[in-house]
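Notes for the structure review
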Amino acid sequence: QVQLVESGGGLVQAGGSLRLSCAASGRTFSFVVMGWFRQAPGKEREFVAAISRSGGTTYYADSVKGRFTISRDNAKNTVNLQMNSLKPEDTAVYYCAAEPGLFMPTAPNSVDYWGQGTQVTVSS
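First, a word on what this report is: a plain description of the structure on this page. (Residues numbered from 1 in each chain as written. Predicted model: local features only at pLDDT ≥ 70, side-chain atom pairs only at ≥ 80, totals over all residues. Heavy atoms only, no water.)

Regarding the state of the cysteines
Tallying each qualifying case throughout the model produces one disulfide. Paired through a disulfide, C22 and C96 show a sulfur-sulfur distance of 2.1 Å. Between C22 and C96 the disulfide shows an S-S torsion of about -85°. By sign, it is left-handed. Of this pair, C22 sits in strand β3 (residues 18-26) while C96 is found in strand β9 (residues 92-99), placing the two residues 74 residues apart along the sequence. C22 sits in the buried class, given a relative accessible area of 1%. Assessed through its relative accessible area of 0%, C96 is described here as buried. (Disulfide = S-S within 2.5 Å. Helix = DSSP H or I, 4+ residues; strand = E, 2+ residues; numbered from the N terminus. Buried < 20%, exposed > 50% of the residue type's maximum accessible area, 1.4 Å probe, protein only.)

Notes on the packing of aromatic side chains
Using the criterion set out here, one finds four aromatic pairs in the structure. With a centroid separation of 5.6 Å and an interplanar angle of 80°, the aromatic rings of F37 and F47 are classed as edge-to-face. Residue F37 is located in strand β4 (residues 33-39), and its partner F47 is located in strand β5 (residues 46-51); the two are separated by 10 residues in the primary sequence. The pair formed by F37 and F47 is uniform in burial state, with each residue classed as buried. Seen from their ring centres, F37 and W114 are 5.0 Å apart, and the 75° between their planes marks the pair as edge-to-face. Residue F37 is located in strand β4, and its partner W114 is located in strand β10 (residues 113-114); the two are separated by 77 residues in the primary sequence. Among the residues examined, F37 registers a relative accessible area of 0% and is labelled buried. An aromatic cluster is defined as three or more aromatic residues linked by ring pairs; in this entry it consists of F37, F47, Y59, Y95 and W114. (Phe/Tyr/Trp six-rings, centres within 6.5 Å; stacked < 30°, edge-to-face > 60°.)

Some words on the pairing of strand β8 (residues 78-83)
Summarising burial for β8: five of the six residues are buried, a large majority. Across six bridges, β3 lies against β8 in antiparallel orientation. Paired with A23 across the two strands is T78, which belongs to β8. For strand β7 (residues 68-73) and β8, the ladder comprises six bridges, and the chain directions are antiparallel. Across the sheet, residue R72 finds its bridge partner in β8, namely V79. Counting the residues that bridge the hairpin from β7 to β8 gives four residues, and of these N77 lies at a positive phi of roughly 55°. (Pairing = 2+ DSSP bridges.)

Nothing here speaks to function; it is geometry throughout.
Next up, the structure:
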């Protein structure tokens, strides 16, 4: 079992920045791949970013590439998402995700563990 708690959401103007954090507990943190997904009103949950167990490999959705950066600290059992140059279309509930395998699935139905979500609202 992995328990995930997100923090850091809020309201920001377009062009601004936010940093999301996710604290994990339970299963050994360094054995799980971590990621972020988001769900906008009326839309399906979608993949945003993921990071390998060691932190050496990251991958991003095309819509956030170059603007968002995912990182992890295995000593502190945390994963972060730095979001820069935010756009109104980034408005969504952001969910932290954990997967015991080698890869983070981009299909939400295949992810094993979820946080409760944190709201990010970007005003124009």
